Amino acid sequence: MTIQLAILASGRGSNLQAILQAIGNRDLDAKVQVVISNVPGTRALAIAKSHQVTAVEILHRGLSHHEHEILVMRELRNYCIDYVVLAGYMRILTSQFLKSYPNVINIHPSLLPAFPGANAYEDAFNADVITSGITVHFVDEQVDHGPILAQEEFPRLPDDTIEAFKSRGLAVEHRLYPRVLQSLAKKGPVKL
Ligand code: GRF
């Protein structure tokens, strides 16, 4: 069954692109109802528009965290959504949001609980890990925390640069996120 997604993104949008490509290739039975960004003119918004997906800017500048989140929730009410998917969304969701939208999914570039936070690739790389990985998880009130849906490892090679390490991880992200969403699609809609 087709699941309905809202995607929140703050930047580059490569995971959004991977999800939209998987939908286009029929590897993912989902429809993206809306992409919302808190940052003006991001690549994520351009990617959404290029796929004929509604793209909405809800800027956080000048607003309290609470005020901004209320506006995002108000926009989401316009759609019938099964899952809210975070794809590089650099805002922390509060309990008021998670009460209204409990099915929020995030992708994080480390093997959680190791290396939470905004610089996970750098933190794992600088810690000289032998293996790192990607985590897709449900979001709870703690940052980069919540029930884990899937994890996939990738190696840090001895002569790696941070750029090579990141691009190896990003390739995993782009495979893993659509795959996890498809496993949820197989279970069918849940409608928030
Ligand atoms: C990804 O590394 C993701 O794991 C993290 O933020 C980054 C977003 O990248 N949460 P993009 O905007 O999807 O290219």
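Draft legend 1. Region of interest: the site of the ligand. Taken together, the residues surrounding the ligand are Arg12, Gly13, Ser14, Asn15, Gly88, Ile107, Pro109, Tyr121 and Glu173. Glycine 13 places a main-chain nitrogen or oxygen 2.8 Å from an oxygen atom of the ligand. One of the backbone nitrogen or oxygen atoms of isoleucine 107 is found 2.9 Å away from a nitrogen atom of the ligand. Across the complex, the protein chains shield 87% of the 370 Å² of accessible surface that the ligand would expose by itself.

Draft legend 2. Highlighting the packing of aromatic side chains. Scanning the entire structure with this criterion turns up 5 aromatic pairs. A centroid spacing of 5.4 Å and a plane angle of 40 degrees characterise the contact between phenylalanine 97 and tyrosine 101, whose relative ring orientation is tilted. Both residues of the pair, phenylalanine 97 and tyrosine 101, belong to the buried class. Ring geometry for tyrosine 121 against phenylalanine 165: centres 6.2 Å apart, planes inclined by 85 degrees, an arrangement best described as edge-to-face. Here the residue tyrosine 121 occupies a position in helix H5 (residues 120-126), and phenylalanine 165 occupies one in helix H6 (residues 162-187), the gap between them amounting to 44 residues. Comparing tyrosine 121 with phenylalanine 165 shows no difference in burial state: the two are buried. Here the aromatic cluster, defined as three or more aromatic residues joined through ring pairs, consists of Tyr121, Phe125, Phe154 and Phe165. The ring of phenylalanine 125 has arginine 156 sitting right over it, with the charged end atom 3.9 Å from the ring centre.

Draft legend 3. Seen up close, H6. Helix length check: H6, at 26 residues, gives a terminal C-alpha distance of 37 Å against a target of 38 Å (1.5 Å per residue), a fit within 8%. One or two residues past the end of H6 sits glycine 188, with phi positive at roughly 100 degrees.

Draft legend 4. Fine view of empty space enclosed by the protein. Counted according to the given criterion, the structure contains 1 cavity of 30 Å³ or more. Space inside the largest cavity adds up to approximately 30 Å³. The class makeup of the residues in the lining of the largest cavity is 4 nonpolar, 2 polar and 2 charged.

Draft legend 5. Representation of the side chain of serine 37. Tracing the backbone through its elements, the reader meets serine 37 in strand E2 (residues 30-37). For serine 37, a relative accessible area of 1% puts it in the buried group. In this structure the side chain of serine 37 is engaged in a polar contact, spanning 2.9 Å, whose partner is the backbone oxygen of alanine 9. Looking at serine 37, its side chain comes within polar contact range of the main-chain oxygen of valine 39, at 3.1 Å.

Draft legend 6. Inspection of the environment of alanine 150 at higher detail. Mapped onto the fold, alanine 150 is located in strand E7 (residues 148-155). Overall, the relative accessible area of 18% leaves alanine 150 in the buried class. Each C-alpha atom, one on alanine 150 and one on glycine 188, is 18 Å from the other, the two residues being 38 residues apart in sequence. Those residues in contact with alanine 150, other than ones at most four positions away along the chain, are Ile134, Thr135, Val136, Leu176 and Val180.

Draft legend 7. Focus on the layout of surface pockets. Reported here for the largest pocket is a volume of approximately 840 Å³. Forming the walls of the largest pocket are 34 residues, and the residues nearest its centre are Gly88, Met90, Ile107, Pro109 and Ala118. Counting residues per element, the ones that place at least two in the lining of the largest pocket are helix H1 (14-24), strand E5 (104-108), H5 and H6. Broken down by class, the residue content of the lining of the largest pocket amounts to 14 nonpolar, 13 polar and 7 charged.

Cut-offs used in this document
- Residues numbered from 1 in each chain as written.
- Predicted model: local features only at pLDDT ≥ 70, side-chain atom pairs only at ≥ 80, totals over all residues.
- Heavy atoms only, no water.
- Near = heavy atom within 4 Å.
- Polar contact = N/O pair within 3.5 Å; in protein donor to acceptor, adjacent residues only side chain to side chain.
- Areas by Shrake-Rupley, 256 points an atom, 1.4 Å probe, with all protein chains shown as cover.
- Phe/Tyr/Trp six-rings, centres within 6.5 Å; stacked < 30°, edge-to-face > 60°.
- Buried < 20%, exposed > 50% of the residue type's maximum accessible area, 1.4 Å probe, protein only.
- Helix = DSSP H or I, 4+ residues; strand = E, 2+ residues; numbered from the N terminus.
- Lys NZ or Arg CZ within 6 Å of the ring centre and 35° of its normal.
- Expected span 1.5 Å × (residues − 1).
- 1 Å grid on protein atoms, 1.4 Å probe; cavity = no way out; pocket = protein on both sides within 12 Å on 5 of 7 lines; lining within 4 Å.
- Points joined across faces, edges and corners; volume = space filled by probe spheres on them.
- Nonpolar A, V, L, I, M, F, W, Y, C, P; charged D, E, K, R; others polar.
- Contact = heavy atoms within 4.5 Å.

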